[in-house]
Amino acid sequence: KQEVTQIPAALSVPEGENLVLNCSFTDSAIYNLQWFRQDPGKGLTSLLLIQSSQREQTSGRLNASLDKSSGRSTLYIAASQPGDSATYLCAVLMDSNYQLIWGAGTKLIIKP
Amino acid sequence: SQTIHQWPATLVQPVGSPLSLECTVEGTSNPNLYWYRQAAGRGLQLLFYSIGIGQISSEVPQNLSASRPQDRQFILSSKKLLLSDSGFYLCAWSPDRGNSPLHFGNGTRLTVT
């Protein structure tokens, strides 16, 4: 059974720092991995989608990497800003049944 | 461009009352539609998904049901709410089942009293 883990559960850093959020999964038979952000009381916003054949994807100050064989993905945020404060969730799409399995998220606080 | 609308934003209902949450998507046709529930500090739980009108798959047996009366309309219902139905309900859509990300509505905060 696929399990997706995000560590740490919460992270607080000063503005301007570069930071890395981690996502690990137990079953490497995935179709893709997706990163989302969620603001308090709101829905989720898609950030990046990495297909299983890809190693990384970039969008602005965000870079997501995928190492399928080791079951790990990282989301790198460069030059963090207070507006980056949110909960970041990763999810893997299973090859077998196209079900998305979610991590519990990392709550990120960027201090001005 | 495509947009997704979900309402109401908040809802307080007594135990045993019925429920109807509605979700509509604009700007696309034949979307895959999803209902999720999110509990505090936990990952999202898929409740139902639909790949077409009248085609509903249930992932979690419970007292909730879903319907898709029109191509871009997805409804989550219950005949009698339980206290355990309280939570944050999210509707989402995608154009396919693997190559595109999910797009979410703003969610409904349901409190059953």
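To keep things clear, this report deals only with the structure shown in the data block. Computed from a predicted model, the values in this text were never measured in an experiment.

All names here are of chain B. Strand 9 (residues 87–94) sits mainly inside the fold: eight of its eight residues count as buried. Inspection of the sheet shows strand 4 (residues 32–38) paired to strand 9 by seven bridges, in the antiparallel sense. What sits directly across from R37, in strand 9, is Y89. Of the strand pairs in this sheet, strand 9 and strand 11 (residues 108–112) are connected by three bridges, and their pairing is antiparallel. Pairing of G87 across the sheet is with L110, part of strand 11.

Attention shifts here to the environment of T58 of chain A. All names here are of chain A. With respect to the element layout, T58 can be found in strand 6 (residues 56–59). Residue classification places T58 among the exposed residues on the basis of a relative accessible area of 51%. Considered as a pair, T58 and W102 are 44 residues apart in the sequence and their alpha carbons are 21 Å apart. In contact with T58, other than residues within four places in its own chain, are L48 and N63. Reaching out from T58, the side chain makes a polar contact with the side chain of N63 at a distance of 2.7 Å.

Quick look at the side chain of N32 of chain B now. All names here are of chain B. Along the chain, N32 falls in strand 4. Among the polar contacts made by the side chain of N32, one reaches the main-chain carbonyl oxygen of D96 at a distance of 3.2 Å. When neighbours within four sequence positions are excluded, N32 is seen to be in contact with S50, I51, A92, W93, S94, P95, D96 and R97.

Further remarks concern the interface of chain B and chain A. The partner chain A presents 21 residues to the 20 residues of chain B that form the contact. Taking both partners together, chain B and chain A bury about 1500 Å²; carbon and sulfur atoms supply 52% of that area. Across the chain B-chain A interface, the total number found is zero salt bridges. Taken together, the connections running from chain B to chain A amount to two residue pairs in polar contact (both at pLDDT 80 or more). Secondary-structure elements contributing two or more residues to the side of chain B that touches chain A are strand 4, strand 5 (44–52) and strand 9 of chain B. Take the side of chain B that touches chain A: its biggest share by element is three residues, from strand 5 of chain B.

The rules behind these values
Residues numbered from 1 in each chain as written. Chains lettered and ligands numbered in written order. Predicted model: local features only at pLDDT ≥ 70, side-chain atom pairs only at ≥ 80, totals over all residues. Heavy atoms only, no water. Buried < 20%, exposed > 50% of the residue type's maximum accessible area, 1.4 Å probe, protein only. Helix = DSSP H or I, 4+ residues; strand = E, 2+ residues; numbered from the N terminus. Pairing = 2+ DSSP bridges. Contact = heavy atoms within 4.5 Å. Polar contact = N/O pair within 3.5 Å; in protein donor to acceptor, adjacent residues only side chain to side chain. Buried area = accessible area lost by both parts, 1.4 Å probe. Salt bridge = Lys/Arg side-chain N within 4 Å of Asp/Glu carboxyl O.

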